[in-house]
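# Architecture at a glance
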Amino acid sequence: MKYLAFVLAFYATACTSEDVSQYDSTADTVWTLVTLDGTPFPAKATLTFPTSGQLAGRAPCNAYRAEQSAPYPAFAAGPILSTKAACPALRLEQRYLKALGEVTHADITKTTLVLTSPNGRTLQFKPDV
């Protein structure tokens, strides 16, 4: 029984490391939010994957960061920590960070990052050029 638990743990770790590599391959990419739930996002919000298991970015008012603990193509951001500055786009920021915390699936290509949730949330990003 101990052997079976070890084998399962070994393969789970191996799969996670391999699957997370898709996020690692975008480490130098700054993704800019284009649409939130199918509607153009009227403020600037970015997302990066600076190191394995981490995400960070700039919401309309504040910088934020979180752990990204799920293996690709799963997505799990949390808890999301941010600075506390106020600005006129604070409501947009709250909508963005709430949606980012709810998404559970990622599709990454060289030209698009789409994050989705089971309840229909969709965040579409394009690389900053």
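Up top is the structure these notes are about.
Each chain has its residues counted from 1, following the order in which its sequence is written. Side-chain atom pairs in this predicted model are given and counted only at pLDDT of 80 or more, local residue features only at pLDDT of at least 70, and totals for whole chains, interfaces and linings cover all residues. Side-chain calculation: all heavy atoms of the structure are included, whereas hydrogens and water are not.

## With respect to the side chain of N62
Where helices and strands are cited, they refer to DSSP runs of H or I of at least four residues and of E of at least two residues respectively, numbered from the N terminus. As for its position among the elements, N62 is in the loop between β4 (54-58) and β5 (63-67). We call a residue buried when its accessible area falls under 20% of the maximum for its residue type, exposed when it is over 50%, and partly exposed in between, using a 1.4 Å probe and counting protein chains only. Looking at N62, the relative accessible area reads 2%, which means it is buried. Apart from the residues within four sequence positions on either side, N62 is in contact with G57, S82, T83, K84, A85, L90 and E93. Here, residues are in contact when the closest pair of their heavy atoms is within 4.5 Å.

## Overview of the packing of aromatic side chains
Only the six-membered ring of Trp is used, alongside the rings of Phe and Tyr, when aromatic pairs are assigned; centres must lie within 6.5 Å, and planes under 30 degrees apart are stacked while those over 60 apart are edge-to-face, with the rest tilted. Taken as a whole, this structure holds four aromatic pairs when the rule is applied. Relative to F75, the ring of F49 has its centre 6.5 Å away and its plane inclined at 85°; by these criteria the two rings are edge-to-face. Of the two residues, F49 sits in the loop between β3 (46-47) and β4 while F75 sits in the loop between β5 and β6 (81-82), which places them 26 residues apart along the sequence. Of the two residues, F49 and F75, neither departs from the other in class, the shared state being buried.

## What to know about the pattern of salt bridges
What counts as a salt bridge is simple: a side-chain nitrogen of Lys or Arg found within 4 Å of a carboxyl oxygen of Asp or Glu. Applying the stated rule across the entire model yields four salt bridges. Among the salt bridges present, the one from R121 reaches D37, with a minimum N-O distance of 2.6 Å. Remark: D37 occurs in the loop between β1 (31-36) and β2 (39-40) and R121 occurs in the loop between β8 (113-116) and β9 (122-127); sequence separation between them is 84 residues. A relative accessible area of 35% means that D37 is categorised as partly exposed. As a salt-bridge pair, K44 and D128 come within 3.4 Å of each other at their nearest N and O atoms. Placement of K44 in the loop between β2 and β3 and of D128 in the segment after β9 is noted, with a sequence separation of 84 residues between them. The exposure class of D128 is partly exposed, given its relative accessible area of 39%.

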